[in-house]
Amino acid sequence: MRIVIAKPGLDGHDRGAKVVARALRDGGHDVIYTGLRKTPDEIVRIVNDEDAEVLGLSTLSGAHDSLIPKICQKLKISGLSNVVVFAGGIIPDRDRSDLHNSGVRAVFGPGTPTSDILHFLEEVKSRKNKHQEVGVGQDPGWHWN
Amino acid sequence: MVLVGQPRARSVDGSAGEPPYRRGIHPGMYKDRLWTMRQYAGFSSPAKTNERFQNLLDGGQTGISVAFDLPTQLGFDSDDEISSGEVGKVGVSIDSIHDMRELFEGIDMGSISTSMTINAPATTLLALYVAVADERGTPREKLSGTVQNDILKEYISRGLYIYPPEPSVRLTTDLMSWCKENTPRWNTISVSGYHMREAGCTASQEISLTLSNAIFYCRKAIEMGMKIDEFAPRMSFFFACHNDLIEEVSKFRAARQLWYEMVEEEFSPSNRKSSQLRFHTQTSGVTLTAQQPINNAVRVAYQALAAVLGGTQSLHTNSFDEALGLPTEASANLALRTQQILAEETGITSSVDPLGGSEIVESKTDGLIEAARKTIMEIESMGGAMECVKAGLQQKIIHESAWEQINRVETGEELVVGVNSHSEETAPEFEGLVINPDDEKNKVADLIKFKKSRDENQVELALSEVRKACIDGTNVMEPIISAVKLEATVGEVNSIMREVFGTWVAPSGV
Amino acid sequence: MALELNEAQELFKSAKNGDRRSLSRLMTSIESGNIPNLERKQCWTLGITGPPGVGKSTLIGQMISHWLVKGHRVAILALDPTSPVSGGSFLADRVRMDQADLSEEVFVRSIASGSNTGGIPNYLGEMCFALSECGWTRILIETVGTGQYDIRIFGYAQRVLLLDGPDRGDIIQAEKAGILELADFIAVNKSDLPGSESAVQGLKLSLGLSENEKRKVHLVSALEGTGIADLISTIDSCEINDSRRKIRMREMLISNWDSLLLNHSQIDLYLEKLCSGSITVNDAINSMVREIISRGE
């Protein structure tokens, strides 16, 4: 799959984003890493132009609660409702349900084995093949964790 | 041949307080003076952070360490659209002199030592600190503290840079030479290995990348007309402390000796302080796990122990809940208590370099010096630290090491309790610090009001002086101090610099 | 197949009407082999090649700004290597083109080089035609920058810019020899070299060019943005040299040939047979070609 790994917000910690990007590449995916400090508009533009199926968002600054829903919203109004969104970084459990409600399908915290993310993507693929809804703007019933 | 159970010892060259300072920079170390307990703190509004500072000082902390929020560290005002969602999150939000006054309300700037983790806009934040001290009548020469002011590691690993390398380094040296004249007790740079280590490099790479950066700054300062003895005694270092206790203790010893050798070789200073490596240590954030988070308190304690055995001058101990979110007051308090137990109960402060002379520690120290020297030579051969940053070399080194490390954990070669060893299914409930979303709204509203109440013409005029200094190459510090006194904001001063210097994106190293 | 072709045609139509979502889906469609009817008339393309880490993406970032001011619409196709082990790609050059992310007049698309050893997928030509018909007036193709195969870029780009560093060492010299001969423009990326004639002469020598070299060696600083305006004006005023046509066709032919071979459904089987020694290379080629012809590929 074509996957964009993005760093929204201002934090400069991209160890995790780069390692995940590499693990997904080794898992056979085409991965586009955006680099640091991308605004929601820039991220949506990149997802569009790259025609990505999946968007992974990495944030460690605590700004996920406002930035991630904003990005999801912008994807939906830009005709990108079928893009699958997952998040990673330091995201407290209490914030997960809000993210799920925004359309995020998985949240990966510190210490997640990279194989978990690959398994999540396999699940996404098989659901897509069965025409089940997994996109950010589609039926929010299912999430991975 | 390794003889099990046999006591193994080795003689060590030199003693503490003597070159090459392998065993420490002071002869008596903690027998004479404890390390400074300096907890990095800051969140939300200046008033709330001030309250946390007062609590920490009442609780026995001996220095202040300011954590700024990301917009401040990137030179944006709170009301900038790009700051949305980030105001007051990872640190305190400082827009103007008004905020700086509140931050230090009731704290004596003439006696406290203040460390500020600020890099790209270091000149602006130091200017604000000086401006408040001036207002209070605290003499500049009494101000003591540190600004991190280390831009290279921002490009390499921490990501909070603004301007291209050349103008950034010019700001670094402007600050150094201004402090030499005005605030002789101020540490003008804290060359940091911490963030490179956290981003994934190994212990020996932490030494080599940090010292390569430090040598680069020395050369630049000398190019700008300073003498080694005028700035080197005010350079300090900042390292991480990870879990491998013996390796970490050896790392600090190796860094001290290698820095001494490098400075003596290249600059032949007259002041012995010029080649002494003084450093702050912070325990590691990346070794903390979200799984079984209370275990982190134990990790922090062992890491702090290693830092003290390695002879650190000051220490920050992390809170056990940092892999989950922002630390609470209770977890921050436990972190400080961890240091106090080390200092007051364990007895390790009564001897100097207690592990020195151990066969394993001495040979590890030698090995680390040798490995670090090799990488330093490689960087030299490619034109030095800054050229390598532009080519992405250090970024690549770090990414490769991070990749190898995650593979070791995933294959089980490296064990992490709670993650790939002794793991449990159920995750405990966690209550982290919650930043009230109204805090950001209030901060923005206050700033807008503040901007309306100023004399705009004066601000404009003062900012044009900053612009002039940026363009013609004269020292930027005094024009910035004047501008912030006239209530120019952090965002405004730095937008002038963005306009003059432009911005840059560092290679990611992948 | 007909259905997909229809879809490609629809996407092409709405992309031409300025729909960005359709344009990016059209690129995907072309990548997967569903190509709409294109006019294939001449389009403005520039290949940008040079060793990894020399600053190609940063330079492109600078060039974009210049062309935007002149009213151009700039599309960038950035090629990145595909891992031969996993088949995945790391399309990371995006990080250096900071100013490209929001303008409506800039389109950046990363392309996995795929199984093609040339680092240039053979649908690149179709992508360029499609972009051109959709109104993109400057189409830049950034190569991977490694290995002798970068020369295939001459099959797809009307003009080629070689970006180099001032002292890159002999190994790279050998690899880029062919490119150096053919490149229309040569630029050396180095911030702190004075733009003097002597510096240029020194660079010509270090690049292995003769002193009578007619092509101008441009000194640029991708970091500071110096020398870019001059380079742009040289590129913009350059006439397309038709004597290149044959070279272009040759590279395109080789590239397509490679891709036919590499995309052959039985390639792994043939490789195994070759390893075990049960067939010779000639046997393999003969029967693979026969199969390709009989399937009418």
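Residues numbered from 1 in each chain as written. Chains lettered and ligands numbered in written order. Predicted model: local features only at pLDDT ≥ 70, side-chain atom pairs only at ≥ 80, totals over all residues. Heavy atoms only, no water.

1. Brief notes about the overall build of chain B
When helices and strands are tallied, chain B shows 19 helices and 10 strands. In summary, chain B has a C-alpha radius of gyration of 22 Å against a globular reference of 24 Å for 510 residues, a match within 12%. Put simply, of all contacts in chain B between residues at least 6 apart along the chain, 79% involve residues at least 24 apart. For chain B, the computed accessible surface area is about 19200 Å², with 52% contributed by carbon and sulfur atoms. (Helix = DSSP H or I, 4+ residues; strand = E, 2+ residues; numbered from the N terminus. Rg over C-alpha atoms; globule rule 2.2 N^0.38 Å. Contact = heavy atoms within 4.5 Å. Areas by Shrake-Rupley, 256 points an atom, 1.4 Å probe, with all protein chains shown as cover.)

2. Thoughts on the sheet that holds strand β6 (residues 159-164) of chain C
Residues and elements named next belong to chain C. On the basis of which strands lie adjacent, the open sheet formed by seven strands has the order β4-β2-β5-β1-β6-β7-β8 and parallel pairing. On the outer flanks of this sheet lie β4 (106-112) and β8 (217-220), each paired with one strand and no other. With strand direction ignored, the average angle separating the axes of adjacent strands in the sheet is 20 degrees. Across four bridges, the pairing between strand β1 (residues 45-49) and strand β5 (residues 138-142) is parallel. Paired with Leu46 across the two strands is Leu140, which belongs to β5. (Pairing = 2+ DSSP bridges. Axes fitted to C-alpha atoms, helices over the stretch in contact; angles between N-to-C directions.)

3. As for the interface of chain A and chain C
Across the boundary between the two partners, chain A contributes 28 residues, which contact 27 residues of chain C. Both faces combined, the contact of chain A with chain C buries some 2200 Å², and carbon together with sulfur accounts for 45% of it. When the buried surface of chain A facing chain C is broken down by residue, Arg45, Asp49 and Asp51 of chain A rank first, second and third, together holding 28% of it. Applying the counting rule to chain A against chain C returns 10 residue pairs in polar contact (both at pLDDT 80 or more). Of all elements in the fold, only α1 (15-26), β2 (30-33) and α2 (40-49) of chain A reach the threshold of two or more residues within the side of chain A that touches chain C. At six residues, the largest contribution of residues to the side of chain A that touches chain C is made by α2 of chain A. Taken together, the residues that form the side of chain A that touches chain C break down as six nonpolar, nine polar and 13 charged. Bridge analysis of β2 of chain A against strand β3 (residues 89-91) of chain C gives three bridges, and the strand direction is parallel. From the neighbouring strand, Ile32 of chain A faces β3 of chain C, where its bridge partner is Leu91 of chain C. (Buried area = accessible area lost by both parts, 1.4 Å probe. Polar contact = N/O pair within 3.5 Å; in protein donor to acceptor, adjacent residues only side chain to side chain. Nonpolar A, V, L, I, M, F, W, Y, C, P; charged D, E, K, R; others polar.)

4. A short note on the interface of chain A and chain B
Facing 31 residues of chain A, the contacting portion of chain B comprises 40 residues. When chain A packs against chain B, close to 2700 Å² is buried across both sides, 54% of that on carbon and sulfur atoms. Inspection of the chain A/chain B interface yields two salt bridges. Of all the secondary structure elements, the ones that give two or more residues to the side of chain A that touches chain B are α1, α3 (64-77) and α5 (114-129) of chain A. It is α1 of chain A that contributes the most residues to the side of chain A that touches chain B, six residues altogether. Residue composition of the side of chain A that touches chain B, by class: 12 nonpolar, 10 polar and nine charged. (Salt bridge = Lys/Arg side-chain N within 4 Å of Asp/Glu carboxyl O.)

5. Here we look at the pattern of salt bridges
All names here are of chain C. Within this structure, the stated rule accounts for 63 salt bridges over all chains. As a salt-bridge pair, Glu105 and Arg73 come within 3.1 Å of each other at their nearest N and O atoms. Here Glu105 is found in the loop between β3 and β4, whereas its partner Arg73 is found in the loop between α3 (56-69) and β2 (74-80), with 32 residues between them in sequence. A relative accessible area of 26% places Arg73 in the partly exposed class. Two residues, Asp236 and Arg138, come together in a salt bridge whose shortest N-O distance is 3.0 Å. Taken together, the residues Asp236 in helix α7 (residues 228-237) and Arg138 in strand β5 connect sequence positions 98 residues apart. Under the relative-accessibility criterion, Asp236 is labelled partly exposed at 24%. (Buried < 20%, exposed > 50% of the residue type's maximum accessible area, 1.4 Å probe, protein only.)

6. Thoughts on a nonpolar patch on the surface
Side chains of Trp257, Val281 and Ile285 of chain C sit close together on the surface and give an oily, nonpolar patch of about 280 Å² of accessible area. Turning to its location among the elements, Ile285 of chain C is positioned in helix α10 (residues 281-294). (Patch = residues over 30% accessible without salt bridge, like charges linked within 9 Å, V, L, I, M, F, W, Y side chains within 5 Å.)

7. A closer look at the environment of Leu277 of chain B
All names here are of chain B. By the element assignment, Leu277 lies in the loop between α10 (245-267) and β9 (279-283). Leu277 sits in the buried class, given a relative accessible area of 0%. Separated by 59 residues in sequence, Leu277 and Cys218 have C-alpha atoms that sit 13 Å apart. Residue contacts for Leu277: discarding those within four places in its chain leaves Ile25, Leu211, Phe237, Phe239, Ala255, Arg256, Trp259 and Gln313.

8. Topic: the sheet that holds β2 of chain A
Within the open sheet, the six strands sit side by side as β5(A)-β4(A)-β3(A)-β1(A)-β2(A)-β3(C). Their pairing is parallel. Every interior strand has two partners, whereas the edge strands, β5 (104-108) of chain A together with β3 of chain C, have only one. Recorded for the sheet is a direction-independent mean angle of 20 degrees between the axes of neighbouring strands.

9. Looking at the pairing of β5 of chain A
Residue and element names in this part refer to chain A. Across the five residues of β5, five count as buried, placing the element largely inside the fold. In this sheet, β5 lies alongside strand β4 (residues 84-89) in parallel orientation, the contact comprising four bridges. Opposite Phe86, over in β5, you have Ala106 as the bridge partner. With helix α4 (residues 96-102) bridging β4 and the parallel β5, this β-α-β connection has right-handed handedness. (Right-handed = clockwise from strand over helix to strand, strands pointing away.)

10. Some points on the packing of aromatic side chains
For the structure on display, the rule yields 23 aromatic pairs over all chains. The interplanar angle of 10 degrees and the centroid separation of 6.3 Å between the aromatic rings of Phe237 of chain B and Phe239 of chain B together place this pair among those described as stacked. The structure contains a cluster of three or more aromatic residues connected by ring pairs, namely Phe86, Phe108, Phe120, Trp142 and Trp144 of chain A. The ring of Trp136 of chain C carries Arg73 of chain C above its face, with NZ or CZ at 4.0 Å from the centroid. (Phe/Tyr/Trp six-rings, centres within 6.5 Å; stacked < 30°, edge-to-face > 60°. Lys NZ or Arg CZ within 6 Å of the ring centre and 35° of its normal.)

11. Here's the deal with the packing of helix α8 (residues 203-223) of chain B against α10 of chain B
All names here are of chain B. Here α8 crosses α10 at 25 degrees, and the two axes come no closer than 10 Å. As far as their axial angle goes, α10 and α8 are roughly parallel. In the packing of α8 onto α10, the handedness of the crossing is right-handed. In this structure, α8 uses Ala203, Glu206, Ile207, Leu211, Ala214, Ile215, Cys218, Arg219 and Ile222 to contact α10, whose residues at the interface are Glu247, Glu248, Lys251, Ala254, Ala255, Leu258, Trp259, Met262, Glu266 and Phe267. Grouping the amino acids of the contact of α8 with α10 by side-chain chemistry returns 13 nonpolar, no polar and six charged. (Parallel < 35°, antiparallel > 145°, perpendicular 65-115°, else oblique. Left-handed = near helix turned anticlockwise from the far one by under 90°.)

12. With respect to the confidence of the model for chain B
Per-residue confidence for chain B averages 93 on the pLDDT scale, and 97% of its residues sit at or above 70. On the interface metric, ipTM, the complex scores 0.92, and its pTM is 0.90. (pLDDT = per-residue confidence, 0-100.)

13. Let's talk about the side chain of Ser157 of chain B
Mapped onto the fold, Ser157 of chain B is located in helix α5 (residues 152-158). Ser157 of chain B gets classed as buried once you look at its relative accessible area, which sits at 7%. The contacts of Ser157 of chain B, once residues within four sequence positions are left out, are Gly12 of chain A together with His195, Met196, Ala199 and Ile398 of chain B.

14. Regarding the nonpolar core
In this structure, Ile5 of chain A together with Met116, Leu126 and Trp259 of chain B are the most contacted members of the largest nonpolar core, which totals 155 residues. The contact partners of Met116 of chain B, leaving out residues within four places of it in the chain, are Val66, Phe68, Met100, Leu125, Leu126, Tyr129, Thr146, Val147, Gln148 and Trp186 of chain B. Residues Leu23, Leu26, Ala75 and Ile153 of chain C belong to the second largest nonpolar core, which totals 41 residues. (Core = buried A, V, L, I, M, F, W, Y, C linked by side-chain atoms within 4.5 Å.)

15. Description of the pairing of strand β7 (residues 185-189) of chain C
Residue and element names in this part refer to chain C. Counting buried positions along β7 gives five out of five residues, so the element sits mostly inside the fold. For β6 and β7, the ladder comprises four bridges, and the chain directions are parallel. Counterpart to Leu161 in the pairing with β7 is Phe185.

16. Points about the side chain of Glu198 of chain B
Examined against the element boundaries, Glu198 of chain B turns out to sit in helix α7 (residues 194-198). One buried charged residue, Glu198 of chain B, forms no salt bridge at all, with the nearest opposite charge on Arg15 of chain A at 6.5 Å. Separated by 3.1 Å, the side chains of Glu198 of chain B and His242 of chain B make a polar contact. One polar contact links Glu198 of chain B to Ser284 of chain B, side chain to side chain, over a distance of 2.9 Å. Those residues in contact with Glu198 of chain B, other than ones at most four positions away along the chain, are Arg15 of chain A together with Ala240, His242, Ser284, Gly285 and Val286 of chain B. (Lys, Arg positive; Asp, Glu negative; His and termini not counted.)

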